[in-house]
Each structure stands twice: as C-alpha cells, then as structure tokens.
Amino acid sequence: MKLPAPLETYFAADKAGGDAAPLSAFAPDGVVTDEGRTHVGHDAIAAWWRAAKAQYGHVAEPREVAEEAALTVVRAQVTGRFPGSPAMLTFAFRIAGGKIAALRIGA
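Quick caveat: nothing in here was measured; it's all calculated off a predicted structure.

1. Structural notes on the pairing of strand β1 (residues 26-34)
Looking at chain direction, β1 and strand β6 (residues 99-106) are connected through four bridges and run parallel. Across the sheet, the residue bridging to Phe26 is Ile100, located in β6. Strand direction decides the pairing type here: β1 and strand β2 (residues 37-40), joined by four bridges, are antiparallel. Residue pairing for β2: Val32 is matched across the bridge by His39. Connecting β1 to the next strand, β2, in antiparallel fashion are two residues, including Glu35 with a positive phi near 50°.

2. Describing the layout of surface pockets
Within this model, the largest pocket holds a volume of roughly 340 Å³. Surrounding the largest pocket, 19 residues form its lining, Asp34, His58, Val78, Leu89 and Ile105 being those nearest its centre. Counting residues per element, the ones that place at least two in the lining of the largest pocket are α1 (5-16), α2 (41-56), β5 (87-96) and β6. Here the lining of the largest pocket gets five residues from one element, more than from any other, and that element is α2.

3. Considerations on the environment of Arg75
Position of Arg75 relative to the elements: it lies in strand β4 (residues 71-79). Between the C-alpha atom of Arg75 and that of Phe91, which follows or precedes it by 16 residues, the distance is 6.3 Å. Those residues in contact with Arg75 that lie beyond four places of it in its chain are Glu61, Pro62, Arg63, Glu64, Met88, Leu89, Thr90 and Ala107. At 2.7 Å, the side chain of Arg75 and the side chain of Thr90 are in polar contact.

4. With respect to the pairing of β6
Along any regular strand, the residues point their side chains to alternate faces of the sheet. With seven bridges connecting them, β5 and β6 associate as antiparallel partners. Paired with Thr90 across the strands is Gly106, a residue of β6. Joining the antiparallel neighbours β5 and β6 is a turn of two residues, in which Gly97 adopts a positive phi near 60°.

Cut-off values and rules
- Residues numbered from 1 in each chain as written.
- Predicted model: local features only at pLDDT ≥ 70, side-chain atom pairs only at ≥ 80, totals over all residues.
- Heavy atoms only, no water.
- Pairing = 2+ DSSP bridges.
- Helix = DSSP H or I, 4+ residues; strand = E, 2+ residues; numbered from the N terminus.
- 1 Å grid on protein atoms, 1.4 Å probe; cavity = no way out; pocket = protein on both sides within 12 Å on 5 of 7 lines; lining within 4 Å.
- Points joined across faces, edges and corners; volume = space filled by probe spheres on them.
- Contact = heavy atoms within 4.5 Å.
- Polar contact = N/O pair within 3.5 Å; in protein donor to acceptor, adjacent residues only side chain to side chain.

Worth remembering: the numbers are spatial, not functional.
Here it is, written out as structure tokens:
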C-alpha cells in the first residue's frame, strides 16, 4: 500500500514505539482530533502522542487507504492496552503543503 510521505512518517513513528511524536509530518498549526478532544500545534500534538502511547501502548497497522473528497482515509488495525483490542479505526488525514494539516481518529 502506498501512503503519502507524511502518512508514512506518521505510521512509521507509531510502529517504532517510543514517545517521540512525528512532528515533522505535521504542519506547525496542525490539528488532531481524537477521543473527543482537539489538539492544535506541535506542542499539543506532542503531548497528545506521549499521553496516548503511555496510556494505551498502541500500534496502528494500516490496512486500507482511500481518497475521499479532500481527505486521505486510512483504516488501520490498532492493537494495545484498551478494551476491544485489536480494533479497526479510521484515520482521516487532510494534507496541505506536504504536511498533515488535520487528523481525525475514530471508529
């Protein structure tokens, strides 16, 4: 499966584990919406990444990719320390200027 470069960076960092967020993949004013919360900018995204990794110890493995309107939608199998693991989640990315401008994660 071929993913756009910033998404490759995102999922490679996720797979590598650790708590270093792939900030080079995000626009400086990038937005992440996950679990009903919105995180704006590199500092907030880094804090969200670290907290989620510490809480869930999760890894997302992309299974499908599709272009929908202005979004790149990736369905990924997510395995970690949470009820229902593994689960298929949807990662909806908006890319602008070669960076992730927005990411929404949901079921």
